[in-house]
Amino acid sequence: MSMFRRQGDRYVATFAVDEVRVLRKVASEVVGLLTDGFDHGDPVVGRLFPEVYPDDAAGSAEFRRYTEGDLKTAKIDQAGAILAALPDGEAGGEVRLDAEAAEAWLRALNDARLAMGVRLEIKDGTDLGEELDDAVAEDPTSSRVFQLSVYAYLGYLQESLLNALID
């Protein structure tokens with residue numbers, strides 16, 4: 001698995017072709033969710049755009065009216081930063097990020113994990129290792145096993161990038 005490391009003023013990781021495919025798919029799905037599939041009734045959208053005033057629906061709606069467009073554009077741009085930095089085509093390769101792109105990657109990886117967490121019903125107290133073990137025991141070829149593995153991988157990647165940034 002890839003791990004980011006600092007090289008001068010860049011944050012560098014080398015990705016295998018399968019990692020590139022997964023990251024491309026995840027980032028594309030976030031963009032799709034925020035464009036074609038944008039629906040305030042979707043719990044994932046609710047998680048990415050939480051009510052700022054939970055006890056004041058009118059206040060939340062007013063706040064959303066002024067901020068949602070810019071926030072949505074920023075989230076799309078951040079997912080786009082992942083897509084733009086990945087190696088072209090169907091190959092693995094090196095990704096080199098400056099500080100601004102690295103921060104965009106962190107925010108995009110966080111959004112992807114939040115979205116996946118909602119779909120996978122992962123809560124604050126969920127033991128991911130136990131959840132994965134249970135899914136494997138039930139059906140090792142299930143899509144849940146794959147999705148939990150991707151969720152874990154994104155967390156690992158996010159942590160490695162964060163550690164590279166603070167080194």
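Let us look at the structure shown here. (Residues numbered from 1 in each chain as written. Predicted model: local features only at pLDDT ≥ 70, side-chain atom pairs only at ≥ 80, totals over all residues. Heavy atoms only, no water.)

**Observations concerning the environment of Trp105**
- Topologically, Trp105 is positioned in helix H4 (residues 99-120).
- Using a relative accessible area of 0% as the deciding quantity, one classes Trp105 as buried.
- Once the C-alpha coordinates of Trp105 and Gly80 are considered, the two residues, 25 residues apart in sequence, prove to be 9.1 Å apart.
- Look past the residues within four positions of Trp105 in its chain and what remains in contact with it is Phe4, Phe15, Leu23, Ala81, Ile82, Ala85, Leu86, Val95, Leu97, Leu157 and Leu161. (Helix = DSSP H or I, 4+ residues; strand = E, 2+ residues; numbered from the N terminus. Buried < 20%, exposed > 50% of the residue type's maximum accessible area, 1.4 Å probe, protein only. Contact = heavy atoms within 4.5 Å.)

**Quick look at the packing of helix H1 (residues 17-34) against helix H6 (residues 143-166)**
- Axis separation between H1 and H6 bottoms out at 12 Å; the angle between their running directions is 95°. Taken as axis vectors, H1 and H6 run roughly perpendicular relative to one another. Listed contacts from H6 to Glu19, Val22, Leu23 and Val26 of H1 are Phe146, Val150, Tyr153, Leu154 and Leu157.
- Looking at the contact of H1 with H6 residue by residue, the classes come out as eight nonpolar, no polar and one charged. (Axes fitted to C-alpha atoms, helices over the stretch in contact; angles between N-to-C directions. Parallel < 35°, antiparallel > 145°, perpendicular 65-115°, else oblique. Nonpolar A, V, L, I, M, F, W, Y, C, P; charged D, E, K, R; others polar.)

**Re the nonpolar core**
- Among the nonpolar cores identified, the biggest contains 45 residues, and Phe4, Phe15, Leu23, Trp105, Leu154 and Leu161 are the most heavily contacted of them.
- Secondary structure elements with two or more residues in this core: strand E2 (10-15), H1, helix H2 (43-48), helix H3 (57-85), strand E3 (93-97), H4 and H6.
- What Leu23 contacts, discounting residues up to four positions off in sequence, is Phe15, Ile82, Leu86, Trp105, Leu109, Tyr153, Leu154 and Leu157. (Core = buried A, V, L, I, M, F, W, Y, C linked by side-chain atoms within 4.5 Å.)

**A short note on a negative patch on the surface**
- On the surface, Asp127, Glu130, Asp133, Asp134, Glu138 and Asp139 cluster together to form a negatively charged patch.
- Following the sequence through the fold, Glu130 ends up in helix H5 (residues 128-138). (Patch = residues over 30% accessible without salt bridge, like charges linked within 9 Å, V, L, I, M, F, W, Y side chains within 5 Å. Areas by Shrake-Rupley, 256 points an atom, 1.4 Å probe, with all protein chains shown as cover. Salt bridge = Lys/Arg side-chain N within 4 Å of Asp/Glu carboxyl O. Lys, Arg positive; Asp, Glu negative; His and termini not counted. Charge placed at Lys NZ, Arg CZ, Asp CG, Glu CD.)

**Things to note about the pattern of salt bridges**
- What the rule picks out here adds up to 11 salt bridges.
- Where Asp42 meets Arg119, a salt bridge forms, and the shortest distance between an N and an O atom there is 2.8 Å. Here Asp42, found in the loop between H1 and H2, pairs with Arg119, found in helix H4; they are 77 residues apart in sequence, far enough to count as distant.
- Residue Asp111 pairs with Lys75 through a salt bridge whose shortest N-O separation is 2.9 Å. Here Asp111 is found in helix H4, whereas its partner Lys75 is found in helix H3, with 36 residues between them in sequence.

**Describing the sheet that holds strand E1 (residues 5-7)**
- Pairing in this open sheet of three strands is antiparallel, and the strands run E1-E2-E3 from one edge to the other. Among the strands making up the open sheet, the edge pair consists of E1 and E3. The average undirected angle you get between the axes of adjacent strands in this sheet is 35°.
- Note that E1 and E2 share three bridges and pair antiparallel. Following the sheet pairing, Arg5 is matched in E2 by Val12. (Pairing = 2+ DSSP bridges.)

**With respect to the packing of aromatic side chains**
- Under the definition given, this model contains five aromatic pairs.
- Ring centres of Phe4 and Trp105 lie 5.7 Å apart, and the angle between their planes is 80°; on these two criteria the pair is classed as edge-to-face. Here the residue Phe4 occupies a position in the segment before E1, and Trp105 occupies one in helix H4, the gap between them amounting to 101 residues. Neither Phe4 nor Trp105 differs from the other in exposure class; each is buried.
- Three or more aromatic residues joined by ring pairs make a cluster, and in this case those are Phe4, Phe15 and Trp105.
- Cation over ring: Lys72 sits above Phe38, and NZ or CZ is 3.8 Å from the ring centre.
- The positively charged end of Arg113 is found above the aromatic ring belonging to Tyr151, 4.2 Å away from the centroid. (Phe/Tyr/Trp six-rings, centres within 6.5 Å; stacked < 30°, edge-to-face > 60°. Lys NZ or Arg CZ within 6 Å of the ring centre and 35° of its normal.)

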